[in-house]
Structures are given as C-alpha cells and as structure tokens.
Amino acid sequence: MGRNRLLKFLQWIGDCVDDLSGVIFPHVCEVCAGTLVKGEDTICLQCRYEMPRVRLHREEFSEIHRRLAGHAAIDRAASWFYYIRESPYARMLQRAKYNSRPQLARTLGAMYAGEIRTDGFFDGIDIILPVAMHRWKKLTRGYNQAERIAQGISDVTGIPVATNLTMPHRHRTQTRRRAYERWLNTRGIFHVDSPAELQDKHILLVDDIITTGATLHAAAEAIHNAAPTARISVISLGLTHSS
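Residues numbered from 1 in each chain as written. Predicted model: local features only at pLDDT ≥ 70, side-chain atom pairs only at ≥ 80, totals over all residues. Heavy atoms only, no water.

Break down the environment of Met 167 for me, citing the residues and quoting the values.
By the element assignment, Met 167 lies in the loop between strand E3 (165-166) and helix H8 (179-186). Here Met 167 falls in the buried class, since its relative accessible area comes to 9%. In sequence terms Met 167 and Val 131 are 36 residues apart; their C-alpha atoms lie 8.8 Å from each other. (Helix = DSSP H or I, 4+ residues; strand = E, 2+ residues; numbered from the N terminus. Buried < 20%, exposed > 50% of the residue type's maximum accessible area, 1.4 Å probe, protein only.)

Listed below in structure tokens is the structure:
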C-alpha cells in the first residue's frame, strides 16, 4: 500500500473512531447541551449566533474603560459576552471555573481570540499576563482559570504567557460583594515579580469575568507601580451589565 493511500486509510479509520465515539459519548454544546454536529466545536453554531456579545473591543473608551478608570491607564479593553447570572452562557463559565474543566477555559479563550484577532486587538502586545490566584486556592481548585484562558489566547496569537503577577496574600471571595467592598477586598493583593521584564512592554491582562473591575484595577495598579513604562490592555470572557 502506497504512503498516500495508507495516510488516507488511517484518516478514514480516525474519522470512523470519532464518529463512533460521538455516538457512544456524544459531544454536546456547552451552552444548550445539544449534540454537536461535524464542524462544530464546544459551542453549537446556533448558540454562537445567539451569544449576547459585548462588541466593545474596537472602542477607544468603552464601558470597560470606565469601570477600570483610576490610577493605571488602560489601552484596549475587550470582553466576549455579557455575563448574566443563571444564563446558560454564565453557567458555561462557572463550569470552566469550578467543575475541574481547565481545558474548557482554554478552549473558550482560543475561540474568543480567534473572533477578534483580525480586528487588530492583539497587534503590538508583547506579553499575556493572567490575573493571579493565591497558591492555596490554586492548589485546592487545581488550576487558575485565568491562566487557562490566557493559554488559549496564546494558542491563537502566539503571544507568550508570563507569570510575573502573583498574589502573596489570600483575600475573601468577591462573589456577591458590592463595588466598594470589592475595591477594599482587592487593595494591595497583587505583587509583580521581576518588574524589569515588564518595562516598556505592552501587557494584556486576562481574567474570566469583569464585574466592578476591582480585581483588574488592582492588578493593573500593581503592574503600573512596579513597571511605570508598561502599557496595559485587558480582556475577559464575561462582562456583567453595569448597575
């Protein structure tokens, strides 16, 4: 059997295995739980079409910028969809964060990066920096979802992921806290290791959800204080509606 025929045969076998595994263990949409058809991945085409997209990444000063306005200036800002608690899109992020689904977080990061890459959002960015998680919390959960989202973005853009941002001190959860409480809860929680590596770089800060912006603001402030010449942009998968 010639080499090309062998490769085609092996490809056919692989397709048969994929088709069979899809029957026994069908791949389902992470939003609607419907069975994915060939050519669909993670989210079905219908749910991608109906996704409540934010579409602010082209704006020079958007709602995201307003939430993050403060000590550290933000260059670009992007979020994929509006995070509405109890919506199927929100539950998808909750599974990626709490249900031991790190690969889902990485896949979603890659999907969003693929959507906005051609708009020039990533042009000139040197480093992807995920929002840090305290080491004990990461040990308990098994992973930092922001890191996995950052890795997905890197898979698409080729921009390296760095680990200069750390969280030396534990803080209480931000869930269900008011804006001022979130701000107090995040003051001074981040530290920048090797700040010289960030000087004069354009950094993309990554988090899973932007609510009041307190966490990203604290991270951006820590970077700005440690590396004043760095430029900072931000990206997330979810964005809550402003209250």
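Having seen the structure, we can now continue with the description.
An account of the packing of aromatic side chains is requested, with residue identities and associated values reported.
According to the stated counting rule, one finds four aromatic pairs in the structure shown. Centre to centre, the rings of Trp 80 and Tyr 112 are 5.5 Å apart; their planes meet at 20 degrees, and the pair counts as stacked. Highlighted residues: Trp 80 in strand E1 (residues 77-82) and Tyr 112 in helix H5 (residues 102-116), separated in sequence by 32 residues. Each ring, one from Phe 81 and one from Tyr 89, has its centre 5.9 Å from the other, and the planes form 50 degrees; the classification is tilted. Across the pair, Tyr 89 and Phe 81 agree in class, each one buried. (Phe/Tyr/Trp six-rings, centres within 6.5 Å; stacked < 30°, edge-to-face > 60°.)

Just give me the short version of the sheet that holds strand E2 (residues 127-130), but keep the residues and values in it.
Two pairing modes exist for strands in a sheet, parallel and antiparallel, and in both the strands are linked by backbone hydrogen bonds. Strand order in the open sheet made by the four strands is E1-E6-E5-E2, with parallel pairing throughout. If you trace the sheet from one side to the other, it starts and ends with E1 and E2, each paired once. This sheet shows a mean twist of 20 degrees between the axes of neighbouring strands, independent of strand direction. Along the sheet face, H5 touches E1 and strand E6 (231-239) and points at about 115 degrees away from the line of E1. Of the strands in this sheet, E2, strand E5 (202-210) and E6 are in contact with helix H7 (residues 145-157), which crosses E5 at around 130 degrees. (Pairing = 2+ DSSP bridges. Axes fitted to C-alpha atoms, helices over the stretch in contact; angles between N-to-C directions. Contact = heavy atoms within 4.5 Å.)

Quick one: what's the story with the nonpolar core, residue by residue and with numbers?
In this structure, Ile 43, Trp 80, Leu 108, Phe 122, Ile 153, Leu 204 and Ile 235 are the most contacted members of the largest nonpolar core, which totals 36 residues. Of all the secondary structure elements, the ones that give two or more residues to this core are E1, helix H4 (88-98), H5, H7, E5 and E6. Tallying contributions element by element places H5 first for this core, with seven residues. Discounting chain neighbours no more than four positions away, the residues touching Ile 235 are Ala 78, Tyr 112, Ile 116, Phe 121, Phe 122, Ile 153, Leu 204, Leu 205, Val 206 and Asp 207. (Core = buried A, V, L, I, M, F, W, Y, C linked by side-chain atoms within 4.5 Å.)

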